[in-house]
Every structure is written in structure tokens, then in C-alpha cells.
Amino acid sequence: MGGIRLKALLHVAAVMDEVSHMADLGIDFGAPKVDINKLRTHKEKVIGKLTGGLAAMAKMRKVTTVRGYAAFVGPNHVEVQETSGTGQEKTGSKQTIAFKKCIIAAGSQAVHLPFLPDDPRVVDSTGALELKEVPKRMLILGGGIIGLEMGTVYSTLGARLDVVEMLDGLMQGADRDLVKVWQKMNAKRFDNIMLKIKTVAARSQPEGIEVTFESAEPGGKAPEPQVYDLVLQAVGRTPNGKKIAADKAGVVVTDRGFINVDIQMRTNVPHIFAIGDIVGQPMLAHKAVYEAHVAAEVLAGELQGNAELASGAFNARVIPNVASTDPAVAAVGLTEDQAKAQGIKVKKGLFPWSALGRAIANGRDEGVTKLLFDDSPEAHGHGKILGGGMVGTHAGDMIGEIALAIEMGADAVDIGKTIHPHPTLGESIGMAAEVAHGSCTDLPPSKR
């Protein structure tokens, strides 16, 4: 549910940013007044609706829900230390639950850097979502998607941001040309973007958290120590495999806390399955749900003697990834950087939103849609789509079409000749395919 909470706040931030741009069009709403308590209540209402709906659906399907910390006590039993209240307070009661089949979905937690002080001004993504107050200066440790999404919210509410990343760029995994568009649009949010820099120490001071930096490269220069009102740890997540006493059920857990599974999501113990963050990257909710469907089908098939269900397997070719920043950055399948690194020859279809009617009308024409097609000699000029990426407003809402095209083995003609509604942002996908095919009439003719 953390992702939904964050998306609710990102929506608020996006509306605030959009309204601020309206002054350039002659409509000035004035400076926003933020009631942080009301905003926090709205976020919790969103979660309340979802959790209430899930509870109702579980009840309809005769699912018994037990709340608490669970650990295996044998191959067919778990012991649950029950919890109550709004947090994770243990009641002191325990119960043992017997099972024929089991699905482990214990997830992951944010990596906590050992040198950071135990201080309410040092938070992980869960703590940041509590939105206790808006800091003046905020440091994001890690240049990945979650930290930058959280930074977007706090920045729009009034915080100044610094970000520190050990590698040479933000949003690792996305193509640099897409990230460059995001970075240019978001430069105003940041006082410092510190790349190839690592955080080595932090101290609690009355005025804030004093953070010390070091170059990640031998002989490199590092910034002077800085003081922040809020420090967000967003340097990755670690699976919870070591916390459930899996060894007592005979389930093998790796040194890092992952549980290995086969394509049916089955662990080394045949009647125990595992899904989600705990089985490996990418740590994304939509991947976990797909895996859960597979595990549930196989498990139900075995219990019911239904061979068709029992033969289910995880066979998704691609998993989309979305940064719900502003502009959003979304990608699925092979990226241009990966194609280059793997020596895969691709034909690129790049369509700039500066030529897209809807984006111009919206005043948000900075976006780009990019599609990559197989251009190996074996493809004979009709290569299937291998990947795609977008940067721009609502990119995350549109990336599913590119995922479907990859799953269906579409080529540039299939996508380009699919009629897209006009004027929409989504028609940039059809136009990018036309660019790759060489038949796009919405851009100047390419030079031969």
C-alpha cells in the first residue's frame, strides 16, 4: 500500500505544479495554502478505501485474515505473534496455523545505513509517507525512483532538495536521453545533485542532521558536510527472507535473504511457494501480483486435481517500470543502453512531443516516446518490437500499450497502422512506430 499512498501524494503535487504553470496562460490562482493535516488525512482515506475493499473481497471468498508476525515452526505450521492497533503493537497472544500449501509473500524493507543516527529526522520511505512536517532542506540518499518520487512531493510542498548517488546518474536503468528530459524539468527543485559521491557519516545536531560525504572515486572531490532538516534513506530494499524462520520448514534462503523459486513460483519445498520482492528483482507490486496469480493457480490446481490450473507458469516476457515523477519516466523491455551493451542491433523510432498536438495544447511538450525494434539481419527489415520508453506527463498510464506490443510480437507496421485517437498523448506511440518504419508524416522528412 506504500506505493498507493505515495501516488496519492504525487497526484496532489502534480496538480499544484500544473496550477502554478497556469499563471503563464493568464490564469493566476495565487500561492497555495497547504493544510498538512488535511493532506495527511486524505492520504489515509485513500488507503482506508483500498484496505476496506480488500477485506470485503477476502470475506466474500471465505478468506480468514490473521494479523501479526509469522514464522515457520515446521514444514506445515506457522506461528503468529498477533498485533493490533494502528501500528505493529504485539498483543502477547500467539496462535499456530496448520497448512497443506503455503505462499510466502513477506516482501522487503528499506535498507538502513548503519552509520545514520536513530533520529526522527532520519526516515525511510515509510517514515517519509507519514508527512509529519515539511522540511526546509531535505537530503535524498540514493538517486533511484522511490527517493525521487518522494522528493517531488516534498519539493512541491516547499522543501529544497539535495540528492546523493554513488553512481554516475539518477534513475539508473532508464535510458539517459529520457532521464535528461526529466532532470532539465526538475533542476529547479534541487540545490545539489551529487553524483559519484557516497555518504560516510551523519550526526544529530540541534539544528539538523549533519551529513559528511566522500568521493566514490579514488582521488575525487567531495562536498563539504551539510546540515539537513530531513534525511531520506532510499538506497534500496532488502528482502525479508531471514525473518520468517524459513529453515524450520526446509526452505532455502540465500545469504542476501532471497528465496529461489522455479517458473511456477515453487520453492525447494514442493508445497511451499514464494512471490514478490522476496524472490528477486524487480521489486515491483505489479510483478508480485502476477507471480501471486501463478502461484495461486498452481496451488489450487494441485488441491483440486485440475491439471490445467496446475500447469500454470510465470511467462511474462517483460515487466514495465514507472517513475511517477513530473514528468513521468516509464520503460519496458530492452533499453537503448542495454541493447548497446549486449551488442543487439536495434532500429529506433523516436517521436518528440514538441510535434504532438495534445502535448502542445497541454503546455507540456517536453516529452519523448521511443520504440526499439529488432534490426538484426535475421529480421529482414521487419523486426519485432524489443522495448520502449517514454518521458512526459502520464507516461506511466501509456507504457502498458508498449508492453502489450512486446508480448504480442508486434512490429512497426502493426503499431503504426493501429489507429490511435487524436489528439492524445498515446498517439505518440503510433507515430514513434511510423518513424522507425520511415512513414511518419508528422515530422520533417528524414535526410537520406
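Not measured: the values here are computed from a predicted model.

### Focus on the nonpolar core
Argument step 1. Ranked by internal contacts, the top residues of the largest apolar core, which has 36 residues, are Y154, W182, L232 and V329.
Argument step 2. Looking at this core, the elements that each hand over two or more residues are helix 1 (2-21), helix 2 (36-60), helix 3 (125-129), strand 7 (137-141), helix 4 (145-156), strand 8 (160-165), helix 5 (176-186) and strand 13 (230-233).
Argument step 3. The greatest single-element share of this core, amounting to five residues, is contributed by helix 1.
Argument step 4. V318, A328, A330 and F373 belong to the second largest nonpolar core, which has 29 residues in total.

### As for the sheet that holds strand 3 (residues 89-98)
Argument step 1. In space, the three strands of this open sheet follow the order 1-2-3, with antiparallel pairing throughout. Single-partner strands in this sheet number two, and they are strand 1 (68-74) and strand 3. The average undirected angle you get between the axes of adjacent strands in this sheet is 20°.
Argument step 2. Bridge analysis of strand 2 (residues 77-84) against strand 3 gives seven bridges, and the strand direction is antiparallel. Paired with V78 across the strands is I97, a residue of strand 3.

### A short note on the environment of V269
Argument step 1. Position of V269 among the secondary structure elements: in the loop between strand 14 (237-239) and strand 15 (272-274).
Argument step 2. With relative accessibility at 10%, the residue V269 sits in the buried group.
Argument step 3. Between the alpha carbons of V269 and V251 there is a distance of 6.0 Å; along the sequence they are 18 residues apart.
Argument step 4. Residues within four places of V269 in sequence aside, it is in contact with A249, G250 and V251.

### Description of the pattern of salt bridges
Argument step 1. Throughout the structure, instances matching the rule amount to 21 salt bridges.
Argument step 2. Between R203 and E210 there is a salt bridge, with its nearest N and O atoms 2.6 Å apart.
Argument step 3. Using a relative accessible area of 21% as the deciding quantity, one classes E210 as partly exposed.
Argument step 4. The salt bridge partner of K370 is E336, with a shortest N-O separation of 2.9 Å. With a gap of 34 residues between them, K370 in strand 19 (residues 368-374) and E336 in helix 8 (residues 336-342) connect regions that are remote in the sequence. Across the pair, exposure class does not vary: K370 and E336 are buried alike.
Argument step 5. Via salt bridges that share partners, D175, D177, E336, K348 and K370 belong to a single interconnected network.

Calculation notes
Numbering of residues starts from 1 in each chain and follows the order in which that chain's sequence is written. It should be noted that, the model being predicted, local features are given only for residues of pLDDT at least 70 and side-chain atom pairs only at 80 or more, the latter also being counted only at that level, while totals for whole chains, interfaces and linings use all residues. Heavy atoms throughout the structure, all of them, feed into the side-chain values; hydrogens and water do not. For this analysis, a nonpolar core means a set of buried residues of the types Ala, Val, Leu, Ile, Met, Phe, Trp, Tyr and Cys, connected via side-chain atoms within 4.5 Å. Only protein chains enter the accessibility calculation, which uses a 1.4 Å probe; a residue is then buried when its area is under 20% of its type maximum, exposed when over 50%, and partly exposed in between. Numbering of helices and strands runs from the N terminus; a helix is a DSSP stretch of H or I covering at least four residues, while a strand is a stretch of E covering at least two. Between any two strands, pairing holds if DSSP finds at least two bridges. Here, axes are lines fitted to C-alpha atoms. For helices the fit covers the stretch in contact, and angles between N-to-C directions go from 0 to 180 degrees. By the convention used here, residues are in contact when the closest approach between their heavy atoms is within 4.5 Å. Any Lys or Arg side-chain nitrogen found within 4 Å of a carboxyl oxygen on Asp or Glu counts as a salt bridge.

Remember that the coordinates give geometry; whether it matters functionally is a separate question.
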